[in-house]
Amino acid sequence: MLSVIRYPVSHPVLRNLIKYFWVIESESIISVSHKLLPVNNIDFIFNLSSPIEYITDEKVRTTSARFHFNGIRDKYYIINQAGNLRVFGASFFPSGLFPVLRIPLNEFTGKTIELDDIISNFTDEILEKITAVQSNAEIIKVIEMAIVDSVDRSLIPNKYVYELISVFNANHYCISGFCEQYGVNQRKLERIFNKYIGVSPKLFQRINRFNRIINQFQGKKNDNLALFAYDNDYFDQTHFIKDFKSFIGTTPTEFLSQNNSVRQIMELY
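Colleague: Go over empty space enclosed by the protein with me, naming the residues and quoting the values.
Modeller: Within the structure shown, the criterion is met by two cavities of 30 Å³ or more. Counted as a void, the second largest cavity has a volume near 50 Å³. Lining the second largest cavity we find Asn40, Asn41, Ile42, Ile72, Phe93, Pro94, Leu97, Leu105, Tyr196 and Ile197. Classifying every residue of the lining of the second largest cavity by side-chain character gives eight nonpolar, two polar and no charged.

Colleague: Describe in detail helix H5 (residues 175-182), supporting the description with residues and values.
Modeller: Those residues of H5 not exposed but buried are Ile175, Phe178 and Cys179. What you see down the axis of H5 is that its buried residues fit within an arc of 100 degrees, all on one side. Turned more than 90 degrees off the buried face of H5, the exposed positions are Glu180 and Gln181. Its buried side turned inward, H5 meets helix H4 (159-170), helix H6 (186-196) and helix H7 (201-217). Among the residues trailing H5, Gly183 stands out with phi positive, at a value near 65 degrees.

Colleague: Kindly report on the environment of Phe178, identifying the contributing residues and their values.
Modeller: Along the chain, Phe178 falls in helix H5. Take Phe178: its relative accessible area is 0%, and that puts it in the buried class. Beyond its immediate sequence surroundings of up to four residues, Phe178 is in contact with Leu164, Val167, Phe168, Tyr173, Val184 and Leu189.

Colleague: Outline the sheet that holds strand S1 (residues 2-7), listing residues and values.
Modeller: With antiparallel pairing, the six strands of this open sheet are ordered in space as S1-S2-S9-S4-S7-S10. Edge positions in the sheet fall to S1 and strand S10 (112-114), since each has one partner strand and no second. On average, each strand axis in the sheet is inclined to that of its neighbour by 25 degrees, with strand direction left out of account. With three bridges joining them, strand S7 (residues 67-70) and S10 adopt antiparallel strand pairing. Bridge pairing in S10 places Phe69 opposite Ile113. Taken strand by strand, helix H3 (residues 136-150) contacts S1, strand S2 (18-26), strand S4 (43-47) and strand S9 (86-92), and its axis lies near 140 degrees from that of S2.

Colleague: Residue-level account of the packing of aromatic side chains, with values.
Modeller: Scanning all chains against the criterion turns up 19 aromatic pairs. Judged by centre distance (6.3 Å) and plane angle (70 degrees), the rings of Phe44 and Phe122 are edge-to-face. Taken together, the residues Phe44 in strand S4 and Phe122 in helix H2 (residues 122-130) connect sequence positions 78 residues apart. Each member of the pair, Phe44 as well as Phe122, is classed as buried. In this structure an aromatic cluster arises from ring pairing among Phe44, Phe46, Phe67, Phe69, Phe92, Phe108 and Phe122. Looking at Lys35, its charged tip hangs above the ring of Tyr76, at a distance of 4.7 Å from the centre.

Colleague: Could you give an account of the sheet that holds strand S3 (residues 30-36), naming the residues involved and the relevant values?
Modeller: Taken in spatial order, the four strands make up an open sheet running S3-S8-S5-S6, and their pairing is antiparallel. The two strands at the open ends of the sheet, each matched to only one other strand, are S3 and strand S6 (61-63). The mean angle between the axes of side-by-side strands here comes to 20 degrees, regardless of whether they run parallel or antiparallel. The sheet contact formed by strand S5 (residues 53-56) and S6 spans three bridges and is antiparallel. Across the sheet, Glu53 pairs through a bridge with Thr63, a residue of S6.

Conventions adopted
- Residues numbered from 1 in each chain as written.
- Predicted model: local features only at pLDDT ≥ 70, side-chain atom pairs only at ≥ 80, totals over all residues.
- Heavy atoms only, no water.
- 1 Å grid on protein atoms, 1.4 Å probe; cavity = no way out; pocket = protein on both sides within 12 Å on 5 of 7 lines; lining within 4 Å.
- Points joined across faces, edges and corners; volume = space filled by probe spheres on them.
- Nonpolar A, V, L, I, M, F, W, Y, C, P; charged D, E, K, R; others polar.
- Buried < 20%, exposed > 50% of the residue type's maximum accessible area, 1.4 Å probe, protein only.
- Helix = DSSP H or I, 4+ residues; strand = E, 2+ residues; numbered from the N terminus.
- Arc of directions from axis to C-beta.
- Contact = heavy atoms within 4.5 Å.
- Pairing = 2+ DSSP bridges.
- Axes fitted to C-alpha atoms, helices over the stretch in contact; angles between N-to-C directions.
- Phe/Tyr/Trp six-rings, centres within 6.5 Å; stacked < 30°, edge-to-face > 60°.
- Lys NZ or Arg CZ within 6 Å of the ring centre and 35° of its normal.

In short, the description is geometric, and any link to function would need to be established separately.
Written as C-alpha cells, this is what we have:
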C-alpha cells in the first residue's frame, strides 16, 4: 500500500514558488503502474528507491535519473516502479520553476530532465546531507534548503507576471479577450507563458480545464457527460470527448469505469 503525505513550504523565498513538498512511500515491496496525467505545473522528483520508468503514449521508454523532473506535457505517461518505494517531491506553482532552473521552461516541454544537467552537483549535495538525517521531515528540509540555494531571486516573477498567470489560471478566457481586458499584447503573453510555464496560453488553458474535469470526476462511476461538457465551456459533447481522449488516451466513460489505481497519482494535485 502507498502512503502520500504533503509537507508545507517553510522558507519565505519559496512560498510563492512551491505549493508543497510530498512523500510517497510503501510499507512493503510493491509494483506500481499508473497513468501520470497531464497537469499544469512541474514537480521535482527525488527518488530514494528503485528506478522509475516512464512510457509515453507512443511506447517510448525512459528510465529516469534519481533526481529529475518531467517538463509540462499534453499527453499521459505510464509510470512503472517496483520495490520498497520512497520518493520525495517538490510541487511548484505553474510560474514558480523558472527562477530555479534559470532557463525558459519551453526548453523542457515533454522531456524528462536530470536535475544535475541543469543544477551542478545538485544530487551529490543533497545525498551527502541526508545521510546525517532520518525522518522524512528532515529530508524535506534538506531538499528545501538546496532549492533555496538554487533560486536566482532576480528572476522571481514580478507582481504583474505573477498576477497575470494566476488570473489566467483561475478562469477560462478567450485569449484575445483576456489580452484586451488586461492590456497585454498577445505575443508578449505567449513569451511569458513559454518562459515561465513551458506551453502556450491556449494549451495551458486546455490543461487547466482537463485538470478541473478530472477533479470533478473523482469518486464518480458514471455521470452526465453533456453536463460536464457545457459546464466546462465546451461547444458540445463531441469536442469534450475528443479533447479528453487526446490528453489521457481514453474516453471519459472509459476513464470513469477504470478503478482508482489508475487515478491515484492525481491525489497529489
